[in-house]
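Residues per chain, in single letters:
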Amino acid sequence: QVQLVESGGGLVQAGGSLRLSCAASGSDFSIKHMGWYRQAPGNQRELVARITSGGATNFADSVKGRFTISRDNAKNTVYLQMNSLKPEDTAVYYCNAEVSHSDSPLSRYNYWGQGTQVTVSS
């Protein structure tokens, strides 16, 4: 089992910045890819950004140029730096990790964080 602990959400005014962190913990696991998703009321969950084990990144068009994703493999942690925030960025943000476990090394499992609220006011 892998636990993802998120932090950094909160209330910020439009144009401001927030940095989300997600740390993975557990035993006998190896993280492959990590990403951030978000879901606003009345909307479906959408991919915000993701990063591979090799550092390749992908962003939703709506956040390109404003958000940055990074990871610290030694800490099993992924970050989402959010700049120039807009009210439409308001959502619950979820951390996701794709991992393998030593007892089933050919299988891949997805784990999710509990979600953290980001609210951007105008």
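Here, every reference points to the structure presented above.
Note that the coordinates shown come from a computational prediction; the quantities given were computed from them, not determined experimentally.

With respect to the overall build of the chain
- Scanning the chain from N- to C-terminus turns up zero helices and 11 strands.
- Each helix and strand of the chain, ordered N terminal to C terminal, gives the series β-β-β-β-β-β-β-β-β-β-β.
- Radius of gyration (C-alpha) of the chain: 14 Å, near the 14 Å computed for a compact globule of 122 residues.
- Expressed along its principal axes, the backbone C-alpha trace of the chain runs to roughly 50 × 25 × 25 Å.
- Partitioning the contacts of the chain with sequence separation of at least 6, the portion at a separation of at least 24 is 56%.

Some points on the environment of T119
- Inspection of the secondary structure puts T119 in strand 11 (residues 116-121).
- As a C-alpha pair, T119 and L11 span 108 residues in sequence and 4.8 Å in three-dimensional space.
- Apart from residues lying up to four places away in sequence, T119 is in contact with G10, L11, V12 and T90.
- Separated by 3.3 Å, the side chains of T119 and Q117 make a polar contact.

Considerations on the pattern of salt bridges
- For the structure on display, the rule yields four salt bridges.
- With a closest N to O distance of 3.0 Å, D89 and R38 form a salt bridge. In this pair, D89 sits in the loop between strand 8 (77-82) and strand 9 (91-101) while R38 sits in strand 4 (residues 29-39), placing the two residues 51 residues apart along the sequence.
- A salt bridge links D89 to R66, with the shortest nitrogen-to-oxygen separation between them at 2.8 Å. Note that D89 is positioned in the loop between strand 8 and strand 9 and R66 in the loop between strand 6 (57-59) and strand 7 (67-72), a separation of 23 residues in sequence. As far as the burial class goes, D89 and R66 line up, both buried.
- Within the structure, one salt-bridge network assembled from shared partners comprises R38, E46, R66 and D89.

Digging into the nonpolar core
- Core analysis: the largest hydrophobic core is formed by 31 residues, its most contacted members being W36, L80, M82 and Y93.
- Elements with a contribution of two residues or more to this core: strand 1 (2-7), strand 3 (18-26), strand 4, strand 5 (46-51), strand 7, strand 8, strand 9 and strand 11.
- Here this core takes five residues from strand 9, the largest share from any one element.
- Each residue touching Y93, except ones within four places of it in the same chain, is listed here: E6, L20, W36, Y37, R38, V48, F67, L80, M82, G115, T116 and V118.

Concerning the side chain of S100
- Topologically, S100 is positioned in strand 9.
- Each residue touching S100, except ones within four places of it in the same chain, is listed here: D28, F29, S30, K32, P105, S107 and R108.

As for the state of the cysteines
- Going through the model one piece at a time under the given rule, you end up with one disulfide.
- Across the disulfide from C22 sits C95; the S-S distance is 2.1 Å. Classification of the bridge connecting C22 and C95 rests on its S-S torsion, roughly -85°, and on that basis the disulfide is left-handed. You can see C22 sitting in strand 3 and its partner C95 sitting in strand 9, a full 73 residues away along the chain.

About the criteria used
- Residues numbered from 1 in each chain as written.
- Predicted model: local features only at pLDDT ≥ 70, side-chain atom pairs only at ≥ 80, totals over all residues.
- Heavy atoms only, no water.
- Helix = DSSP H or I, 4+ residues; strand = E, 2+ residues; numbered from the N terminus.
- Rg over C-alpha atoms; globule rule 2.2 N^0.38 Å.
- Contact = heavy atoms within 4.5 Å.
- Polar contact = N/O pair within 3.5 Å; in protein donor to acceptor, adjacent residues only side chain to side chain.
- Salt bridge = Lys/Arg side-chain N within 4 Å of Asp/Glu carboxyl O.
- Buried < 20%, exposed > 50% of the residue type's maximum accessible area, 1.4 Å probe, protein only.
- Core = buried A, V, L, I, M, F, W, Y, C linked by side-chain atoms within 4.5 Å.
- Disulfide = S-S within 2.5 Å.

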